[in-house]
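Listed here are the chains, written in short residue letters.
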Protein chains: 2
Amino acid sequence: MKDLDGLDLPTFEDVIAAHARIAPHIRRTPVLVSEALNALTGAELFFKCENFQEAGAFKVRGACNAVFGLDDEQAKLGVATHSSGNHALSLSYAAGRRGIPCTVVMPRTAPQAKKDAVIGYGGRIVECEPSTSSREATFARVQEETGAEFVHPYNDPRVIAGQGTCSRELAEQVEGLDAVIAPIGGGGMISGCCLTLSTIAPHIKIYAAEPEQADDAYRSFKAGHIIADDAPDTIADGLKVPLKDRTWHFVSNHVTDILTCSEQEIIDAMKLTFKRLRVVMEPSCAPPLAAILKNPEVFRGKRVGVIITGGNVDLDRLPWIKG
Amino acid sequence: MKDLDGLDLPTFEDVIAAHARIAPHIRRTPVLVSEALNALTGAELFFKCENFQEAGAFKVRGACNAVFGLDDEQAKLGVATHSSGNHALSLSYAAGRRGIPCTVVMPRTAPQAKKDAVIGYGGRIVECEPSTSSREATFARVQEETGAEFVHPYNDPRVIAGQGTCSRELAEQVEGLDAVIAPIGGGGMISGCCLTLSTIAPHIKIYAAEPEQADDAYRSFKAGHIIADDAPDTIADGLKVPLKDRTWHFVSNHVTDILTCSEQEIIDAMKLTFKRLRVVMEPSCAPPLAAILKNPEVFRGKRVGVIITGGNVDLDRLPWIKG
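Reading guide: rules and limits
- Residues numbered from 1 in each chain as written.
- Chains lettered and ligands numbered in written order.
- Predicted model: local features only at pLDDT ≥ 70, side-chain atom pairs only at ≥ 80, totals over all residues.
- Heavy atoms only, no water.
- Contact = heavy atoms within 4.5 Å.
- Buried area = accessible area lost by both parts, 1.4 Å probe.
- Salt bridge = Lys/Arg side-chain N within 4 Å of Asp/Glu carboxyl O.
- Polar contact = N/O pair within 3.5 Å; in protein donor to acceptor, adjacent residues only side chain to side chain.
- Helix = DSSP H or I, 4+ residues; strand = E, 2+ residues; numbered from the N terminus.
- Nonpolar A, V, L, I, M, F, W, Y, C, P; charged D, E, K, R; others polar.
- UniProt positions renumbered as here; feature names shortened; annotations may be inferred.
- Least-squares fit on C-alpha atoms with pLDDT ≥ 70 in both.
- Phe/Tyr/Trp six-rings, centres within 6.5 Å; stacked < 30°, edge-to-face > 60°.
- Buried < 20%, exposed > 50% of the residue type's maximum accessible area, 1.4 Å probe, protein only.
- Pairing = 2+ DSSP bridges.
- Axes fitted to C-alpha atoms, helices over the stretch in contact; angles between N-to-C directions.
- Domains from an automatic or database assignment.

Asks: Explain the interface of chain B and chain A to me, and be specific about the residues and the numbers.
Replies: The partner chain A presents 28 residues to the 28 residues of chain B that form the contact. Among the residues chain B hides against chain A, the three largest losses belong to Arg278, Leu315 and Ile321 of chain B. Together they make up 32% of the total. Salt-bridge contacts for Asp316 of chain A lead to Lys271 of chain B; the nearest nitrogen and oxygen are separated by 2.7 Å. Our count for the contact surface shared by chain B and chain A stands at twelve residue pairs in polar contact (both at pLDDT 80 or more). With three residues, helix α12 (residues 263–276) of chain B is the largest single contributor of residues to the side of chain B that touches chain A. Tallied by class, residues from the side of chain B that touches chain A come to 13 nonpolar, seven polar and eight charged.

Written out as structure tokens, the structure is:
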């Protein structure tokens with residue numbers, strides 16, 4: 001851990017320690033390829049399938065690193081977070097593996113399937129109203145009552161170090177990568193890529209892909225400071241959250257470019273992945289392939305790692321099928 | 001190759017030779033697991049993902065073995081088959097890899113997507129009317145005109161030997177299997193499993209799974225002779241074809257049991273696989289999981305290999321979504 005202007009940031013040593021710590025609890029996910037997608041893009045694409053990860057998302061890496069790094073005394077009090085997405089499932093999974101309490105503050109409007117999954121992993125849900133003020137008040141009460149350790153979905157050095165293990169595996173699994181591309185929401189996965197690849201393979205360019213309708217990271221990147229939107233609206237629901245100071249540090253220092261795509265391009269790339277790679281993934285995973293298809297000149301002839309971030313999708317509402 | 005009552009049957013040596021012959025042209029597909037599906041079934045399931053295979057189906061193994069086993073003189077004249085399913089794509093793929101002609105006789109009513117895929121791999125389509133008599137007449141004409149080598153979708157010793165490479169990989173990838181289960185249509189994959197496993201791991205029980213609405217293999221198995229249905233109707237469209245003499249030999253000698261399931265059970269198991277294993281597969285791949293869920297006492301506590309046979313599904317018409 002290094003301290004930069006009062007900001008505790010993870011180092012690559014933290015990634016190595018995280019990897020050893022979480023190895024018994026995560027999967028070394030496979031890398032898949034598709035001749036058809038290579039032909040279509042003119043690039044060689046290597047899809048790192050974190051949709052096959054425990055709890056169906058890469059976020060289990062960061063959550064496990066935070067949970068298994070706690071000392072016994074803190075662990076007894078448990079962990080807590082606010083999330084209605086894959087971090088909620090992942091933290092519940094990690095806490096369940098360690099046998100400690102996990103409390104998740106979730107808007108009462110969150111999908112029942114997500115609530116069920118959190119409970120299925122042994123987590124406890126405390127509902128709040130779907131507003132920032134209610135969430136913050138509810139979370140403060142939970143923390144006061146339980147003494148639980150807060151694990152932020154992405155702006156946490158332990159979480160970023162955990163996510164850094166994904167690109168470490170990818171670089172081991174695929175030789176000679178020229179670039180890696182991942183979706184960007186809060187920037188946890190991209191920060192992990194930056195942290196790891198800037199150390200072990202600094203020649204690999206790092207691209208982030210983002211929905212046009214939630215392009216706060218893109219605009220932040222161009223402006224040189226964090227811009228947070230109030231309520232972005234996109235089908236890629238995992239990518240609505242803004243950058244924070246720690247993820248901004250990595251994004252602003254190590255990302256080559258941020259590429260955006262439309263909602264239709266996201267849906268098309270999602271369907272194309274189902275069809276050609278034959279994997280089930282969330283809309284939030286589709287912007288990288290959409291960006292590659294939209295910017296062929298950037299990726300043509302290159303060996304590109306593409307991180308598929310999660311597989312928890314509502315199969316009754318696939319966006320290309322009109323119900 | 002051994003000759004049994006005038007029936008040329010492949011041996012395990014043919015499987016070994018096939019594996020060496022086709023290795024440059026196929027993928028060693030990964031095996032995926034799901035804690036959720038294990039918890040649900042009480043078994044340890046290991047899914048061999050042939051939906052990730054070249055051309056999206058295990059049938060590429062048999063097709064490549066047939067195509068690359070031809071001598072140069074015969075190869076020049078090309079190969080031909082009749083199929084509107086994965087064998088058509090697979091034979092076109094194999095012929096394309098060798099650079100020889102491939103003609104596929106297909107009913108004019110076959111889905112355009114299948115026709116496009118055959119053409120995409122370099123195959124030529126000759127259309128016939130959707131009747132057996134038209135198909136046979138058309139195919140005879142094609143063979144006479146081209147001199148092409150006929151490669152049957154499953155009742156061909158070269159094809160059965162090729163399919164036998166799949167369970168050979170599975171047995172290498174997963175230690176201590178107690179059972180293997182695969183769907184049964186014409187019986188090519190199951191025959192390959194019988195051929196390989198009866199030689200290298202005869203303690204592994206082999207189960208076949210079949211739709212109730214196309215249960216000719218089940219009734220054949222119980223009756224002790226081949227029963228062929230006229231026009232079975234099931235969502236598992238790859239499993240409508242009947243057993244033939246070579247596949248019947250393997251099924252009748254080496255299969256432990258054939259288990260059947262309803263259309264709704266097939267749809268439920270298909271959706272469950274999308275949700276929990278996060279892979280895209282065809283309805284024809286779902287009967288094995290449906291059968292395991294329906295007969296838990298057979299599989300509980302066992303290590304079971306489940307072969308997912310193909311991933312060429314119409315994503316606009318997923319059977320659990322009412323369009």
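Asks: Mind laying out the UniProt feature "domain: Tryptophan synthase beta chain-like PALP" (unreviewed entry) in chain A, listing which residues take part and the relevant values?
Replies: When the UniProt feature table is mapped to this numbering, "domain: Tryptophan synthase beta chain-like PALP" (unreviewed entry) covers residues 22–310 of chain A. The span residues 22–310 of chain A carries 47% helix and 17% strand; its end-to-end C-alpha distance comes to 18 Å.

Asks: I'd like a rundown of the relation of the copies chain B and chain A, residues and numbers included.
Replies: Each copy of the chain is related to the other by a rotation around an axis and a translation along that axis. Overlay of chain B on chain A (RMSD 0.0 Å): rotation 180°, translation along the axis 0.0 Å. On this basis, the relationship between the two copies can be described by a two-fold rotation axis. Proximity to the rotation axis, assessed at the C-alpha, singles out Val279 of chain B in chain B; its C-alpha lies 2.2 Å from the axis. Both copies present the same face, since 100% of the interface residues in chain B are matched by interface residues at the equivalent positions in chain A.

Asks: So what about the packing of aromatic side chains? Which residues, and what values?
Replies: Residues and elements named next belong to chain A. Tallying each qualifying case throughout the model produces nine aromatic pairs over all chains. Ring plane angle 65° and centroid distance 5.0 Å describe the contact between Tyr207 and Phe299, whose orientation is recorded as edge-to-face. Of this pair, Tyr207 sits in strand β10 (residues 205–211) while Phe299 sits in helix α14 (residues 296–299), and the two are 92 residues apart along the sequence. According to the relative accessible area criterion, Tyr207 is buried, its value standing at 6%.

Asks: Can you explain the sheet that holds strand β5 (residues 79–82) of chain B? Please cite residues and give values.
Replies: Residue and element names in this part refer to chain B. Within the open sheet, the four strands sit side by side as β7-β6-β5-β8. Their pairing is parallel. Both edges of this open sheet fall to β7 (124–128) and β8 (149–150), since each of them pairs with a single strand only. Of the pairings in the sheet, the one linking strand β6 (residues 102–107) to β7 comprises five bridges and is parallel in character. Bridge assignment links Pro107 to a residue of β7, and that residue is Cys128. Along the sheet, helix α5 (residues 86–98) makes contact with β5 and β6, crossing β6 at roughly 165°.

Asks: Mind laying out the domain arrangement of chain A, listing which residues take part and the relevant values?
Replies: All names here are of chain A. In terms of domains, chain A is made up of domain 1 (2–57 + 156–308) and domain 2 (60–150). The gap between the C-alpha centroids of domain 1 and domain 2 is 24 Å. Contacts between the two partners involve 25 residues from domain 1, matched on the other side by 17 residues from domain 2. Carbon and sulfur atoms make up 50% of the surface buried where domain 1 meets domain 2, a total of about 1700 Å² over both sides.

Asks: Residue-level account of the environment of Val151 of chain B, with values.
Replies: All names here are of chain B. Mapped onto the elements, Val151 comes out in the loop between β8 and α8 (157–173). Since its relative accessible area comes to 1%, Val151 is described here as buried. A C-alpha to C-alpha distance of 23 Å links Val151 and Phe52, two positions 99 residues apart in sequence. Residues within four places of Val151 in sequence aside, it is in contact with Ala66, Val79, Ala80, Thr81, His87, Leu91, Asp156, Arg158 and Val159.

Asks: Mind laying out the pairing of strand β4 (residues 44–49) of chain A, listing which residues take part and the relevant values?
Replies: It is a general feature of regular strands that their side chains alternate between the two faces of the sheet. Residues and elements named next belong to chain A. When you tally the buried positions in β4, you get five out of six residues, the bulk of the element. As paired elements, strand β3 (residues 31–32) and β4 share two bridges and run antiparallel to each other. By the bridge assignment, Val31 is partnered in β4 with Lys48. Note that β4 and strand β12 (residues 303–308) share six bridges and pair parallel. Bridging from a neighbouring strand, Glu44 pairs with Arg303 of β12.

Asks: Got a sec to walk through the pairing of strand β11 (residues 257–261) of chain A? Specific residues and values, please.
Replies: All names here are of chain A. Among the five residues of β11, four are classified as buried, and the element is accordingly described as predominantly covered. Across five bridges, the pairing between β10 and β11 is parallel. Across the sheet, the residue bridging to Ala208 is Ile258, located in β11.

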